[in-house]
Amino acid sequence: MDGLRQRFERLLEQRNLATEALGALEAKTGVDKRYLAAGAATLLSLYLLFGFGASLLCNVIGFVYPAYASIKAIESPSKDDDTVWLTYWVVYGLFGLAEFFSDLLLSWFPFYYAGKCAFLLFCMIPGPWNGAHMLYHRAIRPLFLKHHEAVDSVVREFSGRALDVAAGITRDVLQTLARGRALVTPTAALGADPKASVSLLQKDK
């Protein structure tokens, strides 16, 4: 319990958007930011359990702050934070893919959105216990290193076939346009020059 409390306090000591907002509230209200954070977490949990629009709120939590932090990471000279948030988005994308197939079943469970929100927060919290870092290095990276050559081969083959199909379609379209232009050009010339039309009719006779 003491270890969890220490982690919580170290998390509040870090500088980010959430801790800055808590610091501003602490300065205005005089309430310790630890109690403010605990109260906000409790209200959020209750809303995710019983409130309307829990799915939207959960997706906003999992997207808005990470997107903001990612933009800051892109603009910063350091590359370490880029790696942190790239790792988060890899995990977030795979989680979203898995959720697409399981959401219809799991969403009926009463604690689903609270658990989903807790998982996303676990994936984005800074520090050595960052969930995205742990999942990437323990599960995703080993699978990637094992199968990435086969995946690259399939992607190259698919890309080559797609380029061949696109080239064939483009060639057929250009040939069709060229034939249509060849048919339209004599008719347009006849309409523009009546004498030429008469001479051509006489030749036909």
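Parameters and conventions
- Residues numbered from 1 in each chain as written.
- Predicted model: local features only at pLDDT ≥ 70, side-chain atom pairs only at ≥ 80, totals over all residues.
- Heavy atoms only, no water.
- Helix = DSSP H or I, 4+ residues; strand = E, 2+ residues; numbered from the N terminus.
- Buried < 20%, exposed > 50% of the residue type's maximum accessible area, 1.4 Å probe, protein only.
- Contact = heavy atoms within 4.5 Å.
- Areas by Shrake-Rupley, 256 points an atom, 1.4 Å probe, with all protein chains shown as cover.
- UniProt positions renumbered as here; feature names shortened; annotations may be inferred.
- Axes fitted to C-alpha atoms, helices over the stretch in contact; angles between N-to-C directions.
- Parallel < 35°, antiparallel > 145°, perpendicular 65-115°, else oblique.
- Nonpolar A, V, L, I, M, F, W, Y, C, P; charged D, E, K, R; others polar.
- Salt bridge = Lys/Arg side-chain N within 4 Å of Asp/Glu carboxyl O.
- 1 Å grid on protein atoms, 1.4 Å probe; cavity = no way out; pocket = protein on both sides within 12 Å on 5 of 7 lines; lining within 4 Å.
- Points joined across faces, edges and corners; volume = space filled by probe spheres on them.
- Patch = residues over 30% accessible without salt bridge, like charges linked within 9 Å, V, L, I, M, F, W, Y side chains within 5 Å.
- Expected span 1.5 Å × (residues − 1).
- Bend = angle between axes of the 7 residues up to and from the residue.
- Phe/Tyr/Trp six-rings, centres within 6.5 Å; stacked < 30°, edge-to-face > 60°.
- Core = buried A, V, L, I, M, F, W, Y, C linked by side-chain atoms within 4.5 Å.
- pLDDT = per-residue confidence, 0-100.

**Let's talk about the overall build of the protein chain**
Piece 1. Of regular secondary structure, the protein chain possesses eight helices and zero strands.
Piece 2. Expressed as a percentage of its 205 residues, the buried residues of the protein chain come to 18%.
Piece 3. Taking contacts inside the protein chain between residues at least 6 apart in sequence as the whole, the part at least 24 apart equals 51%.
Piece 4. As presented, the protein chain carries roughly 15,500 Å² of accessible surface, and 69% of it is formed by carbon and sulfur atoms.

**Let's talk about the UniProt feature "transmembrane region" (unreviewed entry) in the protein chain**
Piece 1. Sequence positions flagged by UniProt for "transmembrane region" (unreviewed entry) are, in local numbering, residues 35-65, 85-106 and 118-136.
Piece 2. Annotation note: span residues 118-136, helix share 68%, strand share 0%, distance between end C-alpha atoms 18 Å.

**Section: the packing of helix α4 (residues 54-75) against helix α6 (residues 112-124)**
Piece 1. Where α4 contacts α6, the two axes come as close as 9 Å, and the packing angle between them is 5°. Between α4 and α6, the interaxial angle falls into the category roughly parallel. Along its contact with α4, which presents Ala54, Ser55, Cys58, Asn59, Ile61, Gly62, Tyr65 and Pro66, the element α6 presents Tyr113, Lys116, Cys117, Leu120, Leu121 and Met124.
Piece 2. Looking at side-chain class alone, the contact of α4 with α6 contains ten nonpolar, three polar and one charged residues.

**Quick notes on the pattern of salt bridges**
Piece 1. Enumeration according to the criterion identifies three salt bridges in this entry.
Piece 2. As a salt-bridge pair, Asp82 and Lys79 come within 3.9 Å of each other at their nearest N and O atoms.
Piece 3. For Asp82, a relative accessible area of 17% corresponds to the buried category.
Piece 4. Lys116 is the salt-bridge partner of Glu99, the closest N and O atoms lying 2.7 Å from each other. Here Glu99, found in helix α5 (residues 80-106), pairs with Lys116, found in helix α6; they are 17 residues apart in sequence, far enough to count as distant.
Piece 5. Judged by relative accessible area, Lys116 falls into the buried class, the value being 6%.

**With respect to the layout of surface pockets**
Rolled over the atoms, a probe with the dimensions of a water molecule shows which regions are left empty.
Piece 1. Within this model, the second largest pocket holds a volume of roughly 190 Å³.
Piece 2. Here the lining of the second largest pocket gets five residues from one element, more than from any other, and that element is helix α7 (residues 131-192).
Piece 3. Of the residues belonging to the lining of the second largest pocket, the class tally is six nonpolar, no polar and no charged.

**Here we look at a nonpolar patch on the surface**
Piece 1. A surface patch of nonpolar side chains, amounting to about 560 Å² of accessible area, comprises Val90, Leu94, Leu97, Phe100 and Phe101.
Piece 2. Positionally, Phe100 belongs in helix α5.
Piece 3. Under the relative-accessibility criterion, Phe100 is labelled exposed at 64%.

**Concerning the environment of His137**
Piece 1. Here His137 shows up in helix α7.
Piece 2. For the pair His137 and Thr87, spaced 50 residues apart in sequence, the C-alpha separation works out to 9.5 Å.

**Focus on α4**
Piece 1. Spanning 22 residues, α4 covers 32 Å between terminal C-alpha atoms, matching the ideal 32 Å at 1.5 Å per step.
Piece 2. Residue Val60 marks the point of greatest curvature in α4, where the axis turns by about 25°.
Piece 3. Turning to α4, its buried residues are Ala54, Cys58, Ile61, Gly62, Pro66, Ala67, Ala69, Ser70 and Ala73.

**What to know about the packing of aromatic side chains**
Pairs of aromatic rings are described using the distance from one ring centre to the other and the angle between the two planes.
Piece 1. In the structure shown here, the tally under the stated rule is eight aromatic pairs.
Piece 2. Here Tyr112 and Tyr113 contribute two aromatic rings whose centre-to-centre distance is 5.0 Å and whose plane-to-plane angle is 65°, an arrangement assigned as edge-to-face. As far as the burial class goes, Tyr112 and Tyr113 line up, both buried.
Piece 3. A connected cluster of aromatic rings, assembled from ring pairs, spans Phe63, Tyr65, Trp85, Tyr88, Trp89 and Tyr92.

**Describing the nonpolar core**
One broad rule of soluble globular proteins: the nonpolar side chains tend to lie buried together.
Piece 1. Within the largest apolar cluster, 13 residues are counted, with the highest numbers of intra-cluster contacts made by Trp85, Tyr88, Val91, Cys123 and Ala132.
Piece 2. Among the secondary structure elements, those contributing two or more residues to this core are α4, α5, α6 and α7.
Piece 3. Setting aside residues no more than four positions away along its own chain, Cys123 makes contact with Tyr88, Val91, Asn130, Gly131, Ala132 and Leu135.

**Quick notes on the confidence of the model for the protein chain**
Piece 1. Scored by pLDDT, the protein chain comes out at a mean of 77, with 72% of its residues at no less than 70.
Piece 2. Within the protein chain, no element has a lower average pLDDT than helix α8 (residues 194-204), which sits at 48, and none a higher one than α6, at 87.

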